[in-house]
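Structural overview
Residues per chain, in single letters:
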Amino acid sequence: MDEARKIRLLLELRRQGIADTAVLGAIEKVPREAFVPEAFLDQAYENIALPIASGQTISQPYVVASMTAALEVGPRMKVLEIGTGSGYQAAVLAHLCRRLYTIERHRDLSEEATEKFKLLRLTNIVMQVADGGRGWPEQAPFDRIIVTACADSRPEELIGQLRDGGIMVLPLTAPDGRGQRLVRLRRDGDIISQEDLMGVRFVPLVPGIADSAAST
Ligand code: SAH
């Protein structure tokens with residue numbers, strides 16, 4: 001049942017313009033049903049975002065595929081993700097890179113994701129509960145950085161942890177303050193170029209670590 005649904009989803013992603021076979025292959029390898037709450041299991045392979053714990057969301061497969069493709073990940077790369085959430089995006093990336101570092105500010109989400117990575121034997125993922133806006137200075141620089149929560153302005157500390165020639169994909173509040181744009185930054189020495197990719201809707205990047213009762 002899930003396999004047929006997954007194939008239908010992959011065909012839909014192709015129709016929507018995702019042509020990168022490595023990205024499609026990684027999506028095929030990751031059981032999205034392992035990352036959605038039980039109440040939404042029947043919708044695991046729908047091309048929609050779904051709610052997870054702590055008032056957060058697992059991103060829409062099309063957005064995961066688009067961001068992953070835009071990141072141009074290679075097998076030897078060290079990649080940093082901000083906003084582990086369900087862990088789904090991290091699992092997809094882990095199939096494409098050497099090591100995936102991921103930071104989440106909600107401890108419960110981080111612990112749940114750790115369990116899933118163990119279950120799926122994704123041994124190249126390293127997790128941390130912290131404020132992702134600070135990045136992971138001890139492990140910097142990174143070849144690629146992906147942010148899966150929306151910042152109001154360019155996160156300079158993260159950009160500082162991007163290797164020369166590196167790429168960062170992130171949602172930013174639109175210049176007119178209405179909605180969000182997915183953007184791609186490329187570092188060329190001290191020059192950072194910015195490319196607009198598409199409109200998106202992410203939960204906000206919230207500074208600090210969440211206290212256990214908080215829902216944002
Ligand atoms: N990549 C996720 C989508 C996560 S939604 C997935 O595939 O499911 C965004 C996540 O970013 C939420 O879990 C939220 O708690 C987290 N987040 C928001 N601000 C953060 C911050 N400053 N540091 C780390 N994580 C943050």
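Further up the page is the structure itself.
Residues numbered from 1 in each chain as written. Predicted model: local features only at pLDDT ≥ 70, side-chain atom pairs only at ≥ 80, totals over all residues. Heavy atoms only, no water.

**As for the site of the ligand**
- The immediate surroundings of the ligand are formed by 25 residues, with Ser-86, Glu-104, Asp-131, Gly-132 and Val-206 found nearest.
- A distance of 3.0 Å separates an oxygen atom of the ligand from a polar atom in the backbone of Gln-89.
- In the complex, 99% of the free accessible area of the ligand, which totals 580 Å², lies under the protein chains.
- At the level of secondary structure, the elements contributing two or more residues to the shell around the ligand comprise strand S2 (57-58), helix H4 (88-94) and strand S4 (99-104). (Near = heavy atom within 4 Å. Polar contact = N/O pair within 3.5 Å; in protein donor to acceptor, adjacent residues only side chain to side chain. Areas by Shrake-Rupley, 256 points an atom, 1.4 Å probe, with all protein chains shown as cover. Helix = DSSP H or I, 4+ residues; strand = E, 2+ residues; numbered from the N terminus.)

**Side note on helix H2 (residues 21-29)**
- If you check which residues of H2 are buried, you get Val-23, Leu-24, Ala-26 and Ile-27. Each buried residue of H2 sits inside an arc of 160° when the element is viewed along its axis, so together they form one side. Relative to its buried face, H2 has exposed residues pointing more than 90 degrees away, namely Thr-21 and Lys-29.
- Here the buried face of H2 lies against helix H1 (2-15), helix H3 (61-70) and H4.
- For H2, the N-terminal capping position is held by Asp-20, with its side-chain oxygen 3.0 Å away from the main-chain nitrogen of Ala-22. (Buried < 20%, exposed > 50% of the residue type's maximum accessible area, 1.4 Å probe, protein only. Arc of directions from axis to C-beta. Contact = heavy atoms within 4.5 Å.)

**Here's the deal with the packing of H1 against H2**
- In the contact formed by H1 and H2, the axes pass within 10 Å of each other and the chain directions differ by 155°. Accordingly, the angle class assigned to the pair H1 and H2 is roughly antiparallel. The two elements H1 and H2 cross, and the hand of that crossing is right-handed. Here Lys-6, Leu-10, Leu-13 and Arg-14 of H1 come into contact with H2, specifically with Leu-24, Ile-27, Glu-28 and Lys-29.
- The class makeup of the residues in the contact of H1 with H2 is four nonpolar, no polar and four charged. (Axes fitted to C-alpha atoms, helices over the stretch in contact; angles between N-to-C directions. Parallel < 35°, antiparallel > 145°, perpendicular 65-115°, else oblique. Left-handed = near helix turned anticlockwise from the far one by under 90°. Nonpolar A, V, L, I, M, F, W, Y, C, P; charged D, E, K, R; others polar.)

**Digging into the pairing of strand S9 (residues 191-200)**
- Bridging between strand S8 (residues 180-188) and S9 involves nine bridges; their strand directions are antiparallel. The partner of Leu-182 across the bridge, within S9, is Met-198.
- A loop of two residues connects S8 with S9, the two strands running antiparallel in sequence, and Gly-189 in this loop sits at a positive phi of about 65°. (Pairing = 2+ DSSP bridges.)

**Topic: the side chain of Lys-78**
- Along the polypeptide, Lys-78 turns up in strand S3 (residues 78-82).
- Here Lys-78 is buried and forms no salt bridge, its nearest opposite-charge partner Asp-143 lying at an N-O distance of 7.4 Å.
- The contact partners of Lys-78, leaving out residues within four places of it in the chain, are Arg-98, Arg-99, Tyr-101, Gln-139, Pro-141, Phe-142, Asp-143 and Arg-144. (Lys, Arg positive; Asp, Glu negative; His and termini not counted. Salt bridge = Lys/Arg side-chain N within 4 Å of Asp/Glu carboxyl O.)

**Notes on the pattern of salt bridges**
- This structure, assessed with the given rule, holds 12 salt bridges.
- One salt bridge connects Glu-72 with Arg-186, and the closest N-O pair in it is separated by 3.2 Å. Within this pair, whereas Glu-72 is found in the loop between H3 and S3, its partner Arg-186 is found in strand S8, the two being separated by 114 residues in sequence.
- With its nearest N and O atoms 3.9 Å apart, the salt bridge here joins Glu-115 to Lys-118.

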